[in-house]
Each structure stands twice: as structure tokens, then as C-alpha cells.
Amino acid sequence: MNKIEQIKLSSASTIREALQAIDRGAIKIALVVDDHERLLGTITDGDIRRAFLKGLGIEDSIENIYFREPTYCTIDDSREVVLQKALDKKIQQIPILDHHGRVIRIEGMDDLIRPRQRTNKVVIMAGGLGSRLRPLTHNTPKPMLPVGKKPILELILENCRKSGFTEFIFCVNYLSPVIKDYFRNGESWGVSIQYVEEEKRMGTAGALSLAAEELQDSFLVMNGDLLTDLDFSSLLDFHLAEAATATVCVREYEHRIPFGVLHIQDDAIHRIEEKPAQKQFISAGIYAFSPEALEFIPKNTFLDMPSLLQTLLNKEKKIASFLLHENWLDIGRMHDLEKANSDYADFFGEDES
């Protein structure tokens, strides 16, 4: 019951409170109840991300975003009935209600609370030159630059492993022996690593054609110079639930114009806006794909990710957006690497020493 109490919300709760409840519960869901503790609905991480994309803020109410027709069982239902309903609805946990409609527990077994083993592949693009980080990258590929006491690529691997992923494909090119000699087959990390060697520059999407035979199920792709504490399992679950050909992790990027902006109409200034901020969504360099996306990648040809996504849009394939509100840093320049080292504890909850 203590676990249930931690994830209960009222319909007037804020999105911030919902995120806190979901984090406390560690089962990716919170319960919305009325004043008599009766179940009104549920709210998930995916519901919140969609709300952010629609413009809602962290302090807005969940009143209009929680799911009002939740799947549930009652205390009279057998274990077999509960499990069958979970399978039919493709959900990981079901609230169990008493005869008054109050939640008494969440049924889901231990493996529904812990990250489950995922057989889906994670493709990491680790072949970049790292030109903007020279001279550090003269003898070290950018993904192998240390943050704390570990290479960036090792931190990525460990975070994916924490999310239940154990099957990796590293797309390598520049100084590839450095990466291969360090990770080998991945056994030391309890994972399996395959390598795709790019004989020429293939771009962030073109290299996928070299690994197509290994990608029979939905798979994740990310750049090898990113740091994030994202639960990658939630990205895959979202992608599968959306039945999308591709899902792109997006970040809200704010750019402040360092001047006063004049709003002019009919040659007259009618409003002055001092140093306004412009907000746009940018790609975070993390993706989920269904296997059909590979059909649109030409073999042995350079193709960057924006071009692939545009092709999918032209073919009217569904591309979902997954708002990334977790810690995230693209290590492209020297100050990014310095920031990654200074923010190490914030990303990984531990002291780099």
C-alpha cells in the first residue's frame, strides 16, 4: 500500500507532481483518484511528453491529459484473468480495485517493476572524426574521450544496459581499433557487441544499411557522443505503442535574441519586445526505428539522418516525437566535454572520484 500511496494524484495535480509520482513508483505510471480514493484514470510518462509537445508547462494541471478509461481488474478476478487482460491490452501493470472502486494494489510481478531484458538491438554511431575536439582526437576517437574515469561510449553502453538492453552494434570508422580493443565482444560488461566497419563515410543513417541483416525487430539508434540518463526502455515502449516507422527524441531549444525586436505594421512600430526568447524543437540524436525504415536506406551510400526522416515523411510514414526532459548533452566542442565532466554527478548520481 505504501507504493500505491506514492503514485496517487488528484485531477488537480500538476505535471511536475505527476513526474515526481511516476519517478517514485518506478513502474512508469501514476494513478488519478477522486476524494474517496476511487480510480479516475492513469497518467504515464508518454502522456506527459505529448502534453509538453502541445505546449503545456511543468506547472500546468493534468486535468486534461490523464487517461480516463484505464484498464483495471477487481479483487474477484483470478490471476489468469489479470494476466490475460494485460496481454490483450499490451500493458505492463493493471490496477486492482476493491468493490468501491478504490485501488488496493498494482498487479504486475517483480519483472514489471525492474527493467526487463530487451532483445532489441542498440546501434551506436561511433565513427566520427571529432574534428572540433582536436588535438584530443588526434589519437583517440571522440566516443572514447573520458568523462569522469570512463569513455563516453562506455557510459552510453552502461546506461543502455541499465535499461535492459544487451545487444549492441557499433558502427566504427575513425581509429576503430581503439574502440574494438577496449570493448572487444562486450563480455566484460555482460553484453554482446558486433562491429560494422565503414570503409567510407556513410553518414548517420547510411551505416544502417551495413547492419540491416541484424535488425529484424525494432531497434534504437544514437550518436556515440551523447550523454543522457534517459531510460531507453521507455523510448522503445513509446515507439511500439505509437506503431511508428520512426521515433525521434526531441529537445526544446531556446535561443535568446540579444537585441530589442521591433514589431512593425504599415511602416509604424507598434510594439517593442526586448531580447525575446525563441523556442524550437531539435533532434537529440536518439531514435527508434521499425525494420521497415531500412527499406528506404540505399546500400553503400552516404545518407544522413535528416534525409532519411524526410524520405519517410515523403512516403507518408509515421514519425513520432518523444520529448526528452531528462539530462542530455551533445559533446561536440571542448566546452561541452568540460561541462560533461563538471556535471558528471548530476548525470549519473555518483562522484567521478
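Residues numbered from 1 in each chain as written. Predicted model: local features only at pLDDT ≥ 70, side-chain atom pairs only at ≥ 80, totals over all residues. Heavy atoms only, no water.

S.K.: What should I look at first to understand the overall build of the protein in this one?
M.R.: Scanning the protein from terminus to terminus reveals twelve helices and 19 strands. Against the globule reference of 20 Å for 353 residues, the protein gives a C-alpha radius of gyration of 23 Å, in line with a compact fold. For the protein, buried positions account for 46% of its 353 residues. Nonlocal contacts in the protein, meaning residues at least 24 apart in sequence, comprise 67% of its contacts between residues at least 6 apart. For the protein, the accessible surface area stands at approximately 18,500 Å², while carbon and sulfur atoms represent 48% of it. The average position of the 42 basic charges and that of the 55 acidic charges among the side chains of the protein differ by 2 Å. (Helix = DSSP H or I, 4+ residues; strand = E, 2+ residues; numbered from the N terminus. Rg over C-alpha atoms; globule rule 2.2 N^0.38 Å. Buried < 20%, exposed > 50% of the residue type's maximum accessible area, 1.4 Å probe, protein only. Contact = heavy atoms within 4.5 Å. Areas by Shrake-Rupley, 256 points an atom, 1.4 Å probe, with all protein chains shown as cover. Lys, Arg positive; Asp, Glu negative; His and termini not counted. Charge placed at Lys NZ, Arg CZ, Asp CG, Glu CD.)

S.K.: Looking at this structure, I do not really get the nonpolar core. What am I missing?
M.R.: Soluble globular proteins tend to pack their nonpolar side chains together in the buried interior. The biggest cluster of nonpolar side chains holds 45 residues, and the ones touching the most others in it are V147, F168, F170, F183, I286 and I331. A total of six residues in this core trace back to one element, the largest contributor, which is helix α6 (residues 152-162). Aside from chain neighbours lying at most four places away, what touches V147 is I152, L155, L227, I331, L337, A340, N341 and Y344. I62, M125, V196 and V221 belong to the second largest nonpolar core, which has 43 residues in total. (Core = buried A, V, L, I, M, F, W, Y, C linked by side-chain atoms within 4.5 Å.)

S.K.: What exactly am I supposed to notice about the pairing of strand β7 (residues 118-125) here?
M.R.: Within a regular beta strand, the side chains point alternately toward one face of the sheet and then the other, so they alternate between its two faces. In terms of burial, β7 is a largely internal element, seven of the eight residues being buried. Of the strand pairs in this sheet, β7 and strand β10 (residues 165-172) are connected by six bridges, and their pairing is parallel. Residue pairing for β10: I124 is matched across the bridge by F170. Sheet analysis places β7 next to strand β12 (residues 219-223), joined by four bridges and oriented parallel. Directly across from M125, in β12, lies its bridge partner N223. (Pairing = 2+ DSSP bridges.)

S.K.: For this particular structure, what's the right way to read the packing of α6 against helix α7 (residues 176-183)?
M.R.: The relative placement of two packed helices comes down to the angle between their axes together with the axis-to-axis distance. With their axes 11 Å apart at the nearest point, α6 and α7 run at an angle of 45° to one another. Our classification of the angle between α6 and α7 gives oblique. Handedness of the crossing formed by α6 with α7: right-handed. Contacts between α6 and α7 involve L153, E154 and L157 on the former and, on the latter, I179, Y182 and F183. (Axes fitted to C-alpha atoms, helices over the stretch in contact; angles between N-to-C directions. Parallel < 35°, antiparallel > 145°, perpendicular 65-115°, else oblique. Left-handed = near helix turned anticlockwise from the far one by under 90°.)

S.K.: Is there a simple way to explain the sheet that holds strand β4 (residues 73-74) in this structure?
M.R.: For sheets, the rule is that strands pair by backbone hydrogen bonds, running either parallel or antiparallel. Strand order across the open sheet formed by three strands is β4-β5-β6, with mixed pairing between neighbours. At either margin of the open sheet sits one strand with a lone partner, and together these are β4 and β6 (103-107). Sheet topology note: the strand β5 (residues 94-97)/β6 ladder contains four bridges and is antiparallel. In the sheet register, L97 faces β6, and the bridge partner there is V103.

S.K.: I would appreciate a short explanation of the packing of aromatic side chains in the present structure.
M.R.: Both the distance between ring centres and the angle between the ring planes are used here to describe each pair of aromatic rings. Within the structure shown, the criterion is met by nine aromatic pairs. Clustering of aromatic rings is evident, with ring pairs tying together F168, F170, Y182, F183, W189 and Y195. (Phe/Tyr/Trp six-rings, centres within 6.5 Å; stacked < 30°, edge-to-face > 60°.)

S.K.: Would you explain helix α9 (residues 232-242) in this entry?
M.R.: The periodicity of an α-helix, 3.6 residues per turn, causes residues three or four positions apart to be oriented the same way. With respect to burial, α9 is a largely interior element, eight of its eleven residues being buried. Among all positions in α9, only F232, S233, S234, L235, L236, D237, F238 and H239 are buried. You can read the cap of α9 off the contacts: a side-chain oxygen lies 3.0 Å from the backbone nitrogen of S233, and it is on D231. Two residues or fewer after α9 comes A243, characterised by a positive phi angle close to 50°. (Polar contact = N/O pair within 3.5 Å; in protein donor to acceptor, adjacent residues only side chain to side chain.)

S.K.: When you look at the environment of E37 in this model, what are you seeing that I'm missing?
M.R.: Tracing the backbone shows E37 in the loop between β2 (29-33) and β3 (39-44). Here the alpha-carbon distance between E37 and S10, two residues 27 residues apart in the chain, equals 9.1 Å. Ignoring anything within four residues of it in the chain, the contact list for E37 reads K8, G101, R102 and V103.

S.K.: Looking at this model, I keep getting lost on the packing of helix α2 (residues 15-25) against helix α3 (residues 45-53). Mind explaining?
M.R.: Viewed as axis vectors pointing N to C, α2 and α3 meet at an angle of 150°, and their least axial separation amounts to 10 Å. Between α2 and α3, the crossing angle belongs to the class labelled roughly antiparallel. Crossing handedness for the pair α2 and α3: left-handed. Contacts between α2 and α3 involve I15, A18, L19 and I22 from the former and D45, I48, A51 and F52 from the latter. Across the contact of α2 with α3, the residue classes tally to seven nonpolar, no polar and one charged. (Nonpolar A, V, L, I, M, F, W, Y, C, P; charged D, E, K, R; others polar.)

Remember, this is a structural readout, not a statement about activity or role.
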